[in-house]
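Each chain, written out:
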Amino acid sequence: MAPKPQSRTVIVGAGVVGSALADELTERGWTDVTVLDQGPLFATGGSSSHAPGLVFRTNGSRTMAKLASYTVHKFNSLRHPDGWCFNPVGGLEVATTPERLVELHRRAGWAQSCGFTARVIDPQECVRRHPLLDVETILGGLYTPDDGLAKALRAVEAQAHRATERGATFVGNQKVLGVEDDGVRVTGVRTTDGVVPADVVVLCAGFWGAELGKAVGLTVPLVPMAHQYARTTPLEVLRNGASPTEEARLPILRHQDRDLYFREHVDHLGIGSYAHRPMPIDMSRLDQDATDMPSSQAFTEEDFAPSWEDSQRLLPALRSASVRSGFNGIFSFTPDGGPMMGEHRDLPGLWVAEAVWVTHSAGVARTMAEWITTGTPDVDVAGCDLYRFEKSALSSTFVGDTSAQAFREVYDILHPHQFRERLRGLRTSPFVARQRELGAFFFEGGGWERPAWYEANADLLSRLTAEGLHIPERDEWSAQFWSPIAIAEAAWTRQGVAMYDMTPLTRLEVEGPGAAAFLTDLTTANVDKSVGSVTYTLMLNERGGVLSDLTVTRLAQDRYQVGANGPLDLDRLTRRLPSDHSVSVRDITGGTCCVGIWGPKARDVVQPLLDADISHEGLKVFRAVETFLGPIPVLIQRVSYVGDLGWEIYTSAEFGEKLWDLLWEAGQASQVIAAGRIALQSLRLEKGYRATGPDLNSDHGPVASGVGFALRKSGGFLGEDAVARANADPWRLQTIVLDDPDAAVLGHEPTYVDGAPVGYVTSAGHSPAFGRTLALAWLPAGLEPGSKVEINYHGDRLSATTHSEPAVDPEASYIRR
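In what follows, the accompanying structure is described.

Calculation criteria
- Residues numbered from 1 in each chain as written.
- Predicted model: local features only at pLDDT ≥ 70, side-chain atom pairs only at ≥ 80, totals over all residues.
- Heavy atoms only, no water.
- Pairing = 2+ DSSP bridges.
- Helix = DSSP H or I, 4+ residues; strand = E, 2+ residues; numbered from the N terminus.
- Expected span 1.5 Å × (residues − 1).
- Buried < 20%, exposed > 50% of the residue type's maximum accessible area, 1.4 Å probe, protein only.
- Contact = heavy atoms within 4.5 Å.
- Core = buried A, V, L, I, M, F, W, Y, C linked by side-chain atoms within 4.5 Å.
- Axes fitted to C-alpha atoms, helices over the stretch in contact; angles between N-to-C directions.
- Parallel < 35°, antiparallel > 145°, perpendicular 65-115°, else oblique.
- Nonpolar A, V, L, I, M, F, W, Y, C, P; charged D, E, K, R; others polar.
- Phe/Tyr/Trp six-rings, centres within 6.5 Å; stacked < 30°, edge-to-face > 60°.

Here we look at the pairing of strand 39 (residues 788-793)
Residues in a regular strand project their side chains so that they alternate between the two faces of the sheet.
Here's step 1: Inspection of the sheet shows strand 36 (residues 750-753) paired to strand 39 by two bridges, in the antiparallel sense. In the sheet register, Thr 751 faces strand 39, and the bridge partner there is Ile 791.
Here's step 2: Where strand 39 meets strand 40 (residues 796-803), six bridges bridge the pair, whose relative direction is antiparallel. Paired with Lys 788 across the two strands is Thr 801, which belongs to strand 40.
Here's step 3: In sequence, strand 39 turns back onto strand 40 through a hairpin of two residues, with His 794 there showing a positive phi of about 60°.

Set out below in structure tokens:
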């Protein structure tokens, strides 16, 4: 429950995030707000004091794009006596390689699907918009006319002034030493001058926030990293350019092939570089060497030398100039590049908004203000949530290595299926030795090694191809991290039987006399059913948006196993545990394992090994039983993520390898195969099954998302009051079928109806049944099956047709074989 409006609030950090949050909170009636900073106001010495101010809204995350869009909107409305807070000079990303040009087409399409104006332009137009460019060096560019430059310190002051007028207080030169609490919740902050009492404390301290969090048992996984910024000597070509007041006229320029960006400073250029080695900062050393601008470190010329040469090649005017000054500015980097937002689970009232750049600052502040005052963020924040990382991702080794990788990849062309190369093999199922013997190609997710396909099935591919299975001729981009073997695996699952490693799926044990009521209140279905029942249900937020889909299995009167979607689900359940300790929740994933065995011949493999009857009547769909498979104690439940006959079979990790071997040996007569996640994706799309993350998120309600069937008939669940409003969503997640048998999309591509952008693809995969790619896409509500749709794929328009759901086996006969 959100605190009351009269709650005393202390914000630690008076930079671009803290000042924006004070503005947003006071606008919502929270006027008892104090903002503290260890530096002088308002050039406090943090990252905001030296930020170059580039604001590009296009981002691979829709949430981040929304946050940046609000920042642009708000900064455009700010007024400061010294001049503009936002200068909409536009943005220009140039390509010097064919690969980058294709990437710009992808980015243009994605920007359009987010509602932004963006288009790819030829070299000549690039030079017209930015005359310093060498036309012979570039192949084209992406032009975004509404992006621009933020004057960070003016934006800080303007927002702080508005907050002060409403009652907020800003105090500089006030170092925060720690957070105070009474053993139950936060009570204030301890400073060099004493304790400032508070009911709510928000850490907006930038890279200092991790140290403050550590003192109260909170890991904020970020690394302070230095990033080079240099200024040139004056350029003759800019002599008659922008005035000192205007400061810049040319669009922000990004040369991502060389990890560089450029912006005007009246008659000279500023150059930012991510091309150098990662430079993590030792915070203890930073405090010892503190200056008036601790976030600005000495410039290392040797690191910048290659970037200066690259800059001169792109911009010939620089060949007669030199680097006049430079510094290594400190910014926060996280393992996945996203910000850290949310409330400390174990210390209510302590919030964080860290690792936030100027680009997203006002958007983050608005969302934090909504979250703090109402209890629910106004946009989907799963990718920003403080608790989104698995425990294995919170070590200093993991955070350091992956944050350094995030720095290196800031401007890289990253394939959507590209996974980490370092710190692999952290989490493996007990089946991993057998999977390697079968030639598994592993993806990584949540630290888990997840087989994508198996080279052992190459002969199966040849056989099924000879029998008429269509294998598409994929383009170079979509063929990365993919194999046609996956199509054969999916096809054979529908014909024979296949084993899938489902171990990485998060499993939670919910136990206690209040477990049934607890889960029934928090989800959209009644789970207070007989022992052995399996229920598909949803968790919603207070706005009626879908947080997650769950599979809830009742193992005893007071014990459930919940199939969840990651650490955020554990966090959501844990936060709402009853105070009488009648319910406990724990993550049992690491101590257990699971094989999904599916296909028309699955019963032939499994039944002879079991004590229990798993005939159609003996174990009906959405029923479970604890029994023995040979000598192994198992939980077997009749559910299927591929929509075919079969079961999920769970056991303790200690029995995992033996479980695999028993099923594998028993399946030889039925030609059992091991199949990977790409086949799983294709088959679940044939059935129209949604996945939390790519398809389901809190920006949309159940009906719009295509999971309205999971709403129980009577009320009493979290988010019920808002469901009707959420279901008025003008969008619907629908299945579409690409018309060209060889065409492929991967997700995030914009969709068009009658030539106008209307939505985007969420998930896609090649269907053996259709011989074409199936996809889920957000489209306008009311679009009937059979309607024509186009998809922008790298600048080309692919035709597709909406299809009724499920696209395969609409009678659901396969699962009831």
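A short note on helix 10 (residues 396-408)
Here's step 1: Compared with an ideal rise of 1.5 Å per residue, which puts 13 residues at 18 Å, helix 10 spans 18 Å between its outermost C-alpha atoms and is within 8% of the ideal.
Here's step 2: If you check which residues of helix 10 are buried, you get Phe 398, Val 399, Thr 402, Ser 403, Ala 404, Ala 406 and Phe 407.
Here's step 3: Those residues of helix 10 hidden inside the fold are in contact with strand 14 (223-232) and strand 19 (323-333).

Considerations on the nonpolar core
Here's step 1: Formed by 68 residues in total, the largest nonpolar core has its most connected members in Ile 11, Leu 21, Phe 75, Phe 170, Val 202 and Met 368.
Here's step 2: The leading source of residues in this core is helix 9 (residues 361-374), at seven residues.
Here's step 3: By size, the runner-up hydrophobic cluster in this structure holds 36 residues, among which are Leu 36, Val 189, Val 216 and Ala 355.

Digging into the sheet that holds strand 34 (residues 673-674)
Here's step 1: Taken in spatial order, the six strands line up as 31-32-33-30-24-34 in an open sheet, and their pairing is mixed. Each end of this open sheet is capped by a strand with a single partner; those strands are strand 31 (624-629) and strand 34.
Here's step 2: Pairing geometry for strand 30 (residues 592-598) and strand 33 (residues 646-652), over seven bridges, is antiparallel. Across the sheet, Trp 598 pairs through a bridge with Gly 646, a residue of strand 33.

A few points about the sheet that holds strand 35 (residues 731-738)
Here's step 1: Read around the closed barrel, the six strands follow the order 35-38-37-36-39-40; overall the barrel is antiparallel. In this sheet, neighbouring strand axes are inclined to one another by 45° on average, regardless of whether the strands run parallel or antiparallel.
Here's step 2: As defined by bridge partners, strand 36 adjoins strand 37 (residues 756-767) across four bridges and the pair is classed as antiparallel. Paired with Val 753 across the strands is Ala 756, a residue of strand 37.

Thoughts on the environment of Ser 478
Here's step 1: Relative to the helices and strands, Ser 478 resides in the loop between helix 12 (458-466) and helix 13 (485-495).
Here's step 2: In this structure, Ser 478 is in contact with Ala 744, Leu 746 and Tyr 793, ignoring residues within four places of it in sequence.

Quick notes on the packing of helix 12 against helix 13
Here's step 1: As a packed pair, helix 12 and helix 13 sit with axes 9 Å apart at the nearest point and diverge in direction by 70°. Between helix 12 and helix 13, the interaxial angle falls into the category roughly perpendicular. Taken together, the residues of helix 13 that come into contact with helix 12 (itself represented by Ala 458, Leu 460, Leu 461, Arg 463 and Leu 464) are Ile 485, Ala 488, Ala 491, Trp 492 and Gln 495.
Here's step 2: Of the residues belonging to the contact of helix 12 with helix 13, the class tally is eight nonpolar, one polar and one charged.

What about the packing of aromatic side chains?
Here's step 1: Scanning all chains against the criterion turns up 21 aromatic pairs.
Here's step 2: With 5.3 Å between their ring centres and 65° between their planes, Phe 333 and Phe 407 make a pair best called edge-to-face. Here Phe 333 is found in strand 19, whereas its partner Phe 407 is found in helix 10, with 74 residues between them in sequence.
Here's step 3: Residue classification places Phe 407 among the buried residues on the basis of a relative accessible area of 0%.
Here's step 4: In textbook terms, an aromatic cluster arises when at least three aromatic residues are bridged by ring pairs, as seen for Tyr 229, Tyr 261, Tyr 274, Phe 327, Phe 331, Phe 333, Trp 357, Phe 407 and Tyr 411.

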